[in-house]
Structure formats: C-alpha cells, structure tokens
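Coordinate analysis (summary)
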Amino acid sequence: MTGWTAVRDALLLLALAPFAYYLLAIFAARRFFRKQVSTSTDVSSDYGPPVSILKRIRGLDRETYENYASFCRQDYPAFEILFCVSDDSDPAIPVIEKLIRDFPKRGIRLLIGSEPLGASDKVNKLCRMVREAKHDIVIVSDSDVRVDPGFLRAVAAPFRDPKVGGVTCLYRGLTDGSFAADLEAIGNSTDFAPGVLVAWLLGGRSLNFMLGAVMATTKKHLAEIGGFESLVDYFCDDYELGNRIAARGYRIELSCFPVDIVYPRETIGSAFRHQVRWNLSIRYSRFWGHLGLIFTQGLVWSLVGLFLARSWPAVFAFTAGYSLLRYEVALSVGARGMEDKLVRRKLQMLPLRDAFAFVVWLASFFPQRIHWRDREFYVSEKRLIPMPPRQS
C-alpha cells in the first residue's frame, strides 16, 4: 500500500499543475492587456510608414469578399495589397477583381502563379509577393482573416523601435453558429491565446515565434534569414520565421490588436482534423512544448483528482478549482481582454471544448499525414514531403 500511496500522492500533486498554469495565464493576461491601455496613444500617433499586405490565396473562404474588403477599409496613410493565386482558374479571382473595382483608390494587385521553389505552395507565393512588394514593411495575412480599421496602425507601430524584428497578433473566431465551428473557434481565445500569453510573459514580454494569421516583418529582416526562400519546405513557416528572426537578437512583438478568423460551416470531423493539424504544427516545431500541454489540461487532471481524492474537501477543491480558474482564464483572456463575443455567448461549452482538446492532443501523437486543400504531405525533420498521388 505504501507504493500505491506514493503514486497516488504524486498524481494528486500533478493534478494541481493546471491550476498553477491557469493562475499564470490570468496574471499574464492582466499584464498584457494593461499594456494595451498604455500603448493606445502610440497606436493613434502619426507614425505610419508605408506597408505591403501579402495575401496568399487558394480557393474561397466563408464571406471572402468581406474578409478582403476589411483590409481595404484601413485608417492608414499608405499601403498596398498583393493577392497571389496559384493559377487563373482560382475561384477567388472574380472576388479580387470586384475588390479592385470597388476600391479604385487602393493599390491592389493580383498576381497569378509562383515559382515552385519548394513543397509549400503558400511560401512559394510569399517569395514572389515579397519580390514585387513596393514597401519595406510586409504584413502576411491569411485569406480567412478579417480586421478592424485600426489594424495597420497597431501592427506597424512597434517597428518604430529598431529592436523589433516582427509583429504578430492573437485571433478570435467568427462562426456561422454551427456547433462544430463554435467548438473549434472558442478555443482560440480560451485555450490557444492563454498559452501564447504565458509564453510572452516567460519570454520577457516577447515571443520567439509568430502566429500564421498575421506575420509582420521587414525586407531587411527577411534578407538576414535568407528570405522566405529559406522556408519553402517547412511545415511551420510561421514558427520558423519568428524563431529565426528572434535568434538574431530581435524582438517578436505580440500586438494588442486581435484579428478575427472567419470559420467555415464545419462538421465535427473537419473541426477535429483541423485541430489535429494545428497540434501537429506545435509537435513538429516545439516537441517539448507540445508534450507539456498535458499540464494545461485542467478538466482531465481534475477528474484524476476527483477519482483519487480521499476526502470531501479534496473533492470540493478540485471541482471548485477547475470551475473557477478555468472560467476566469476564459473571461480574462477571451471575453475581457480580446473582447471575443463568442466566448461570452458560448461559455457553457468550455468543459466540452476542453474534452475535445484533450482527445485532439492525444491523436496528434500518432502518425499523421498533413492535408492542405487538395494536397497531402508527411513531415520529416520539420519539412514537408509531398505524398505521391494515389492510384485510382
């Protein structure tokens, strides 16, 4: 019995780890969003160097036109938008052409095709767009991102400091109200963002990676790491970009200006596959960080604690600890900090979201192929290896 008692006590101690993580996330959120208030004056200042927005496009997203148009409505003095599609059959082309007609005063260019420098079609497009971009500051943004009019000022402002080599943004989810999309999207502000904020706090209020929704840097910094050309075979180009810039001694700034990701109408299966792919990106870029996610799984560890607890006070402590701290993380980061309306409406989904996230995390340890649009890859040493076409 002594051996079992020692094991039980060790497991009970481990079950407290998520509570410590939740407290750290709450503290990080308060420090970070306090910074949001203190930097609001800088964001509204006259600093506004010209920027080039790079949009790598493949097919249509939900509400594609509104996503693109939000970048055209920026309150910013000088910017251009470059769209790059794979070929002239892409269904997004008519939408981009309408955008050009509707915003004739904006510098909008459509590029068709890119040189196949590597396995990642997305990065191949970035290589071409950077070469053709007119301005030194380049902002890469995914096609399903939607922004408010102050976005460019917020992202460009940190580059006033020459020590800043890159800027990235947290993101919220916009859905059509379908259950699967809500289940996935609520994790942005209540699961993913708290982890980023903890990394920001422990990293000395800086990051050593970027988030793919928004990646901003300069041509100068890109040249120092070999350009996007050095990333054309990497699965996690966002992580690699930020990590390589940070390795050269520059700061990766986390902007206080969150953006929105517009989710398609999803099934549970498609949401599961998308989340597994996201977990794989962490596993292949930061293995120990991915492994350490087990200690952020408050629901699972609380159930372990309830199972092993030998007294009603212990049962109450685990139940109350998970309920109070987990919901406070969601509120302090998502609802209050990021002003995510979905979090406020769907807060009751949080335990279900946590259970879903744990299953996804477990699945990400098994061999996985990466599906991007109509292509399939496996990953070896962080690099994408295209799978041969299946024989019909």
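Look a little higher up for the structure.
Residues numbered from 1 in each chain as written. Predicted model: local features only at pLDDT ≥ 70, side-chain atom pairs only at ≥ 80, totals over all residues. Heavy atoms only, no water.

1. Remarks on helix H6 (residues 121–132)
An α-helical turn contains 3.6 residues, so a residue and the one three or four places further along point in the same direction. Test applied: We count a stretch as a helix when DSSP gives it H or I for four or more residues in a row; a strand needs E for two or more, and each element gets its number in order from the N terminus. Between the first and last residue of a helix there are one fewer steps than residues, each counted as 1.5 Å, and that sum is the expected span. Each residue's exposure class comes from its accessible area (1.4 Å probe, protein chains only) as a fraction of the maximum for that residue type: buried when under 20%, exposed when over 50%, partly exposed otherwise.
With twelve residues, H6 extends 17 Å from end C-alpha to end C-alpha; this agrees with the ideal 16 Å at 1.5 Å per step. The buried count for H6 comes to nine of twelve residues, which makes it a mostly enclosed element.

2. Structural notes on the packing of helix H11 (residues 268–285) against helix H16 (residues 350–363)
Quick note on the threshold: Interaxial angle, 0 to 180 degrees, is taken between N-to-C directions of lines fitted to C-alpha atoms, where a helix line uses only the stretch in contact. Oblique is the label for any angle not covered by the other classes, which are roughly parallel (under 35 degrees), roughly antiparallel (over 145) and roughly perpendicular (65 to 115). Handedness of each helix crossing follows the sense of rotation of the near helix against the far helix: counterclockwise by less than a right angle gives left-handed, clockwise gives right-handed. Contact definition: two residues touch when any of their heavy atoms are within 4.5 Å.
Where H11 contacts H16, the axes come no closer than 9 Å and their chain directions differ by 60°. Between H11 and H16, the crossing angle belongs to the class labelled oblique. The handedness of the crossing between H11 and H16 is right-handed. Of H16, the residues touching H11 (which contributes Ala271, Phe272, Gln275, Val276 and Asn279) are Arg353, Phe356, Val359, Val360, Trp361 and Ala363.

3. Details of the state of the cysteines
Rules: Cysteine sulfur atoms that pair up within 2.5 Å are treated as a disulfide.
With the rule as written, the count across this model stands at zero disulfides. A disulfide-free cysteine, Cys236 has its sulfur positioned 17 Å from the sulfur of Cys127, the nearest such atom. With relative accessibility at 6%, the residue Cys236 sits in the buried group.

4. Topic: the pairing of strand E11 (residues 383–386)
Selection rule: If DSSP finds at least two bridges between two strands, the strands pair.
Inspection of the sheet shows strand E10 (residues 375–380) paired to E11 by four bridges, in the antiparallel sense. Looking across to E11, one finds that Val379 is bridged to Leu384. Taking the residues that link successive antiparallel strands as the turn, the E10-E11 hairpin has two residues, and the phi of Glu381 there is positive, at about 55°.

5. Remarks on the pairing of strand E2 (residues 79–85)
We apply this condition: The definition of a right-handed crossover adopted here requires that, viewed with the strands pointing away, the path from the first strand over the helix to the second runs clockwise.
Burial of E2 is extensive: seven of the seven residues sit out of reach of the surface. Here E2 shows a buried face lined by Phe79, Ile81, Phe83 and Val85 and a second buried face lined by Glu80, Leu82 and Cys84. Relative to E2, strand E1 (residues 51–56) runs parallel, the two sharing six bridges. Its bridge partner being in E2, Lys55 is matched across the sheet by Phe83. Taking the sense of rotation as the criterion, the β-α-β connection linking E1, helix H4 (residues 64–72) and E2 turns out right-handed.

6. Considering the sheet that holds strand E3 (residues 107–112)
With mixed pairing, the eight strands of this open sheet are ordered in space as E3-E2-E1-E4-E7-E6-E8-E5. Strands with a single pairing partner mark the edges of an open sheet, and in this sheet they are E3 and strand E5 (145–146). Where helix H10 (residues 237–247) meets the sheet, it contacts E1, strand E6 (164–174), strand E7 (214–218) and strand E8 (251–262), and its direction lies at approximately 35° from that of E7.

7. Notes on the layout of surface pockets
Threshold: Cavity: a set of points on a 1 Å grid over the protein atoms alone where a 1.4 Å probe fits but cannot get out. Pocket: an open set with protein on both sides within 12 Å along at least five of seven lines, its lining residues, like those of a cavity, having an atom within 4 Å of a point. Grid points are joined across faces, edges and corners, and a volume is the space filled by probe spheres set on the points. For this classification, the nonpolar set comprises Ala, Val, Leu, Ile, Met, Phe, Trp, Tyr, Cys and Pro, the charged set comprises Asp, Glu, Lys and Arg, and every other residue, Gly included, is treated as polar.
The space that makes up the second largest pocket amounts to roughly 720 Å³. Taken together, the elements giving at least two residues each to the lining of the second largest pocket come down to helix H2 (17–38), helix H8 (179–202), H11, helix H12 (287–291), helix H14 (312–337) and H16. A per-class count over the lining of the second largest pocket returns 19 nonpolar, 13 polar and five charged.

None of this, on its own, says anything about what the molecule does.
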